[in-house]
Amino acid sequence: MNPTPDDSFASLTPDFMLDALDAAGLRCDGRMLQLNSYENRVLQVHLDDGRIAVAKFYRPGRWTDAQILEEHAFALELAQAEVPVAPPWTLDSQSAALMLSGNPSTLAHMQGQRFAVAARQGGRAPELEDAEVLSWIGRLLARLHTIGARQAFTERVSWASAAPAIAARDWLLDHDILPPEIRGPWDEEARRCIDAITRAFDEFPDLSLLRLHGDCHPGNILWTPDRGPHFVDLDDAVNGPAVQDLWMLLSGDPLTAQQQLSAVLKGYEMVAEFDRRELRLIEPLRTVRMIHHSAWLAKRWGDPAFPQAFPWFGTPNYWNDQVSKLREQLEAMQPQAAISSAPPDEEPYEFWDA
């Protein structure tokens, strides 16, 4: 691959970020720590007043302001309902260095960069081998979904059809990303999978859609012994079926995945109803994510962080492996197939595009 250099974050020097936060009324004492995030640039900062905050600088061009603010509004609504999340702070709209739209806002602009700030949330990864932990996460997801069902997003994307996979496949082919000798076999399997995904969703004309976390893998859940789980990073919040927030918690062999699912649903159904027909959408949703992931990596390849983090991407071995995985997914999406486990991702990732 010959990526076009991506200078989206070229201006994000430490001095720039400190100046931006200062302009938003948040004076830092100089201590900064960059946190894991491929899609955005996220750092932990210590403020002069003793607070510790997390600042997120959004990748330019990915989301509109309206989409980001809709995510923020959802986080604030969840926090008001005492669902444990990290809502964004309202920033100083009076500063001349910021270009906010009038009233105090949770989103700030400075010289082409946009950012938001929230309190740091401590915790560690949840122990997904523990059925009680999974049940607690299930209860928390049900609470989030109860709030999410109040209304739909109007600005953010929906994840309830084959559309994201179709867009990803078309983009990869239009940009000649695949090696010529693998393009045909990969396209054939992708098209067959997309047909199967479409059939799966067509079986649910009455499918209920609600506002979701959208990227509910274990890396976006932090655990503390006294408070249990809490969610971080609603950056990928979407409209979709409830099961989208459940299946990424499953891992291991099929029996283990079934046991994990049982524990999550046990907790979930203590709080809210769950339409168990949605379980048949797990493999279609996994397949959509798989195809979309390939396009996401290709689109970001000009960002120097991506070749370093994903050196195996784009090689013939990678694409041959994708062909094999799509064939496996096609079999897994057959109506008689049992719910399988989630294949481990190389890294947790954020993957939605505008």
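See the structure shown above.
Right, let's walk through the structure included here. These numbers were taken from a predicted model, which means no experiment stands behind them. (Residues numbered from 1 in each chain as written. Predicted model: local features only at pLDDT ≥ 70, side-chain atom pairs only at ≥ 80, totals over all residues. Heavy atoms only, no water.)

1. Here we look at the overall build of the protein chain
In terms of regular secondary structure, the protein chain is built from 9 helices and 9 strands. For the protein chain, whose C-alpha radius of gyration is 21 Å, the value lies close to the compact-globule estimate of 20 Å for 354 residues. Considering only C-alpha atoms, the protein chain reaches an extent of 60 × 50 × 35 Å along its principal axes. The burial tally for the protein chain puts 54% of its 354 residues in the buried class. Long-range pairs, those at least 24 residues apart, make up 73% of the contacts in the protein chain with a sequence separation of at least 6. Accessible area of the protein chain: about 15,800 Å², with a carbon and sulfur share of 49%. Taken together, the 31 basic and 52 acidic charged side chains of the protein chain have centroids lying 2 Å from each other. (Helix = DSSP H or I, 4+ residues; strand = E, 2+ residues; numbered from the N terminus. Rg over C-alpha atoms; globule rule 2.2 N^0.38 Å. Buried < 20%, exposed > 50% of the residue type's maximum accessible area, 1.4 Å probe, protein only. Contact = heavy atoms within 4.5 Å. Areas by Shrake-Rupley, 256 points an atom, 1.4 Å probe, with all protein chains shown as cover. Lys, Arg positive; Asp, Glu negative; His and termini not counted. Charge placed at Lys NZ, Arg CZ, Asp CG, Glu CD.)

2. Quick word on the environment of Leu265
Along the chain, the position of Leu265 falls in helix α6 (residues 254–271). Sequence spacing of Leu265 and Ile52 is 213 residues, and the spatial spacing of their C-alpha atoms is 35 Å. In this structure Leu265 touches Leu246, Phe274, Arg276 and Leu279, once residues within four positions along its chain are discounted.

3. As for unusual backbone geometry
Even without being a glycine, Gln111 presents a positive backbone phi close to 50°. Checked against the element boundaries, Gln111 lands in the loop between β4 (108–110) and β5 (113–119). For Asp176, which is not a glycine, the phi torsion comes out positive at approximately 50°. Locating Asp176 in the fold gives a position in the loop between α4 (163–174) and α5 (180–202). You can call Asp176 exposed: its relative accessible area is 58%.

4. What about the packing of α5 against helix α7 (residues 282–299)?
With their axes 9 Å apart at the nearest point, α5 and α7 run at an angle of 145° to one another. The two elements α5 and α7 cross, and the hand of that crossing is left-handed. Where α5 approaches α7, its residues Trp186, Ala190, Cys193, Ile194, Ile197, Ala200 and Phe201 are matched on the opposing element by Pro284, Leu285, Thr287, Val288 and Ile291. Residue composition of the contact of α5 with α7, grouped by class: 11 nonpolar, 1 polar and no charged. (Axes fitted to C-alpha atoms, helices over the stretch in contact; angles between N-to-C directions. Left-handed = near helix turned anticlockwise from the far one by under 90°. Nonpolar A, V, L, I, M, F, W, Y, C, P; charged D, E, K, R; others polar.)

5. Remarks on the pairing of strand β1 (residues 28–35)
Bridge count between β1 and strand β2 (residues 41–47): 5 bridges; the pairing is antiparallel. Bridge pairing in β2 places Leu35 opposite Val42. The antiparallel hairpin formed by β1 and β2 contains 5 residues in its connecting segment. (Pairing = 2+ DSSP bridges.)

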